[in-house]
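Here are the chains, one letter per residue:
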Amino acid sequence: MTQMGGQLGLAYAFVEREIALSKRYWAWELVWLVYGIVTSLSVAYIGLAAPAISGGVVDPAAVSHFVLYLLVGTIAWRFLGIIFENIGEVIAWERWEGTIEYTFMSPVPRFTHLIGMCGATLVRATAFSVAILGAVTLFVPVDLSHANALSAVVLLLVGAMAFVGLGIASASFPLLWTEKGLQMAYIVQAVVLLVSGVYYPVDVLPGWMQALSTISPATYVIRGMRAALLDGADLATLWPEVWPALLVGVLSVPLGLRLFVEVERYAKRTGRLKRSG
Amino acid sequence: MATLTATRPEVIRTPGRDALVARAVTKTFKSSREGVRRAVNDVSLRVMRGEIYGLLGANGSGKSTLIRMFSTLLTPDEGEVRVFGLDIRADEDAVKRLINRVSVEASFFKKLSAMENLVYAGRLYGVAPDESRAKALVILRRLGVDIDRLNEPLEKLSRGMQQKVAIARAFLTAPTLLLLDEPTTGLDIRSKREVQTFVRDLRDEHDATIVLTTHDLDEAERLSDRIGILHDGRLVAEGTADELRARHGATALEDVFMSVTGRRLDEADAVAEDKTK
């Protein structure tokens, strides 16, 4: 227990550091928050304008349903995207700050280091998502009267675990390719956005993209979130969406960690664990 | 290896008191621009507990590569490094708890204050925040740092102050082996003297062993019990300053350097700079 407490204390160092950095970079945090709110609102207004754009008469209940459909996608994606980006930037950020050698020389096990960064990321992703949802509801009527909050929270947690694993794996890219590793992680994220049905059902995608959508955990999380928040689906009903995302999480976290540790060893052999790229 | 004498014979001559032992250490880097470059070539050295060992060499001589291997950031291609009997590869976590390093770059989170950086560093080494703050104040006062500025973002402090905070950070964790990689490069004369006096005082007051890299002949002689001269990745001479002068019939360390490398130190630095252009 004492050892675990000690490791939690070490992990907390990274949470505290990230919160302190967020305070110091408050202007940039504000930019990302405003950007998130504006993006989500824009998507909601596209939904509200659907009848006018399509030229048809649409039932107001259907419009409301459509708006919520879009909002669930955009906010859930924002949550998962922040997790993927922040964890994926673990190396790149330290390199940019010039602290990478100090952090990797410290007597903190890599698992503890990454757990701490994941904790800080979950705090940030949750704060951003709640703030965006709150801000959007000030402008757009959002009907959550049928929502099953428990199902939605469970799905988000399962999705968070899956994206933590994928983020850890992609965080190792800048250790392999010091110049282009981070760009590669962003490309992976963009492809996941495209194929995961964030703004549309995956059925509209070409066959090969639909095949890719089956391996993206976001596909299941977002589809399940919609069923939970629009139709009030319970966890038993949502199991077909939960287990694939859970499986990705259960596999990706240990595999991501293993990959990261192996890549760190490679970086130490080849001199890639350094301040500059 | 040269016979050891010294300023502190009781420490140096006691068997089994090796702080750092490097045996036939070699490190080669490959790059598309430079091809294969042997940065450290078959270096063997032994540093005794409580000793200040100066590694003197021009830019590009392999000093920093050697220090990065000692600090577990680089894996040797060949040879063995032991810190207090622990192998840096097999016992990496234990070694990390015994060492700390001050690099030529200050390596801080620039937007965080000096105190925030110090508290964070303390946490990584299991030092409680209150203890970190108290110890940091004592060390920084001795280094002549203006205590009123400790809550300002580090980027607003001068290079000299940043480097003093870096030294305070290293001593905060009470390392048994301290690796100082050109700690006074870029400092003004006064700051340089303050840092040198502090390093000497702390070694005398605490049970710390220090490996210092420098390309400042005066600093090497002023601080080091023994000096090793690195040239093109090889340890070409080793001994106390007096021994080195006597062995090479020289009156100054500069002449010793000239005798063993064929160049003056500033000429060797210029050659190294030309190679990097």
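Residues numbered from 1 in each chain as written. Chains lettered and ligands numbered in written order. Predicted model: local features only at pLDDT ≥ 70, side-chain atom pairs only at ≥ 80, totals over all residues. Heavy atoms only, no water.

A few words now on the overall build of chain A. The secondary structure content of chain A amounts to 13 helices and zero strands. In sequence order, the secondary structure elements of chain A are arranged as α-α-α-α-α-α-α-α-α-α-α-α-α. Based on the C-alpha atoms only, the size of chain A along its principal axes is roughly 65 × 40 × 40 Å. Here chain A holds 277 residues, and 49% of them are scored as buried. Considering only contacts within chain A whose residues lie at least 6 apart along the sequence, 80% involve residues at least 24 apart. Distance between charge centres in chain A, computed from 17 positive and 17 negative side chains, equals 12 Å. (Helix = DSSP H or I, 4+ residues; strand = E, 2+ residues; numbered from the N terminus. Buried < 20%, exposed > 50% of the residue type's maximum accessible area, 1.4 Å probe, protein only. Contact = heavy atoms within 4.5 Å. Lys, Arg positive; Asp, Glu negative; His and termini not counted. Charge placed at Lys NZ, Arg CZ, Asp CG, Glu CD.)

All right, on to the packing of helix α4 (residues 114-124) of chain B against helix α5 (residues 129-142) of chain B then. All names here are of chain B. Running from amino to carboxyl end, α4 crosses α5 at an angle of 125°, the nearest separation of the two axes being 9 Å. As summarised for this structure, α4 and α5 are arranged oblique, according to the angle between their axes. The element α4 and its partner α5 pack so that their crossing is right-handed. On the side of α4, the interface is formed by M115, L118, V119, G122 and R123, while α5 contributes P129, S132, R133, A136, L137 and L140. In terms of residue class, the contact of α4 with α5 is made up of seven nonpolar, two polar and two charged. (Axes fitted to C-alpha atoms, helices over the stretch in contact; angles between N-to-C directions. Parallel < 35°, antiparallel > 145°, perpendicular 65-115°, else oblique. Left-handed = near helix turned anticlockwise from the far one by under 90°. Nonpolar A, V, L, I, M, F, W, Y, C, P; charged D, E, K, R; others polar.)

In this structure the tally under the stated criterion is ten aromatic pairs over all chains. Both rings, one in F14 of chain A and one in Y120 of chain B, keep their centres 6.0 Å apart while their planes meet at 80°; by these two values the pair is edge-to-face. Taken as a pair, F14 of chain A in helix α1 (residues 2-24) and Y120 of chain B in helix α4 lie in two separate chains rather than in one. Taken individually, F14 of chain A and Y120 of chain B each receive the classification buried, so the pair is uniform in this respect. (Phe/Tyr/Trp six-rings, centres within 6.5 Å; stacked < 30°, edge-to-face > 60°.)

Attention now goes to helix α2 (residues 26-48) of chain A. Residues and elements named next belong to chain A. For α2, spanning 23 residues, the distance from its first C-alpha to its last is 32 Å, which sits close to the expected 33 Å at 1.5 Å a residue. Listed as buried for α2 are E29, G36, I37, S40, L41, V43, A44 and G47. The elements touched by buried residues of α2 are α1, α3 (50-54), α4 (60-88) and α7 (110-139). (Expected span 1.5 Å × (residues − 1).)

The strand order across the open sheet built from four strands is β2-β1-β4-β5 (chain B), with neighbouring strands paired in antiparallel fashion. A single partner strand is all that each edge strand has here, and the edge strands are β2 (35-48) and β5 (86-87) of chain B. (Pairing = 2+ DSSP bridges.)

Right, let's talk about the layout of surface pockets for a bit. The rolling of a water-molecule-sized probe over the atoms marks out the regions of remaining empty space. Residue and element names in this part refer to chain A. Of the pockets and cavities examined, the second largest pocket occupies roughly 1,300 Å³. If you go around the second largest pocket, you meet 46 residues; those closest to its centre are W32, E85, N86, E89 and R124. Elements represented by at least two residues in the lining of the second largest pocket include exactly α1, α2, α4, α5 (90-97), α7 and α10 (181-195). Residue classes in the lining of the second largest pocket are distributed as 26 nonpolar, ten polar and ten charged. (1 Å grid on protein atoms, 1.4 Å probe; cavity = no way out; pocket = protein on both sides within 12 Å on 5 of 7 lines; lining within 4 Å. Points joined across faces, edges and corners; volume = space filled by probe spheres on them.)

Another aspect to go through is the confidence of the model for chain B. All names here are of chain B. Chain-level pLDDT for chain B is 86 on average; 92% of the residues reach the 70-or-more range. The least confident element of chain B, judged by mean pLDDT, is helix α1 (residues 9-12) at 39; the most confident is strand β4 (residues 78-83) at 96. Predicted confidence for residues 1-15 stays below pLDDT 50, and this span has 26 contacts to residues more than four positions away or in other chains. (pLDDT = per-residue confidence, 0-100.)

A cluster of nonpolar side chains, contributed by W239, W243, L247, L251 and L255 of chain A, occupies part of the molecular surface with about 550 Å² of accessible area. Accessibility expressed as a relative area gives 43% for L247 of chain A, which makes it partly exposed. (Patch = residues over 30% accessible without salt bridge, like charges linked within 9 Å, V, L, I, M, F, W, Y side chains within 5 Å. Areas by Shrake-Rupley, 256 points an atom, 1.4 Å probe, with all protein chains shown as cover. Salt bridge = Lys/Arg side-chain N within 4 Å of Asp/Glu carboxyl O.)

The next thing to look at is the pairing of strand β3 (residues 52-57) of chain B. For a regular strand, the rule is simple: side chains alternate between the two faces of the sheet. All names here are of chain B. For β3, a buried count of six out of six residues is recorded, marking the element as mostly surrounded by other parts of the structure. Neither face of β3 is left uncovered, since the one carrying I52, G54 and L56 and the one carrying Y53, L55 and G57 both have all their residues buried. Judged from the five bridges that link them, β3 and strand β8 (residues 209-214) form a sheet pairing that is parallel. Residue pairing across strands places L55 opposite T213, the latter belonging to β8. Of the pairings in the sheet, the one linking β3 to strand β9 (residues 226-231) comprises five bridges and is parallel in character. Across the sheet, G54 pairs through a bridge with I227, a residue of β9.

Taken together, the 32 residues of chain A in the interface contact 35 residues of chain B. Both faces considered, chain A and chain B share a buried interface measuring about 3,000 Å² in area, 58% of it formed by carbon and sulfur atoms. Among the residues chain A hides against chain B, the three largest losses belong to R24, Y102 and M105 of chain A. Together they make up 27% of the total. Viewed at the interface, chain B and chain A are joined by six salt bridges. The closest approach of N and O atoms between E16 of chain A and R123 of chain B, which form a salt bridge, is 2.6 Å. Taken together, the connections running from chain A to chain B amount to 15 residue pairs in polar contact (both at pLDDT 80 or more). Considering each element in turn, the side of chain A that touches chain B owes the most residues, nine residues, to α1 of chain A. (Buried area = accessible area lost by both parts, 1.4 Å probe. Polar contact = N/O pair within 3.5 Å; in protein donor to acceptor, adjacent residues only side chain to side chain.)

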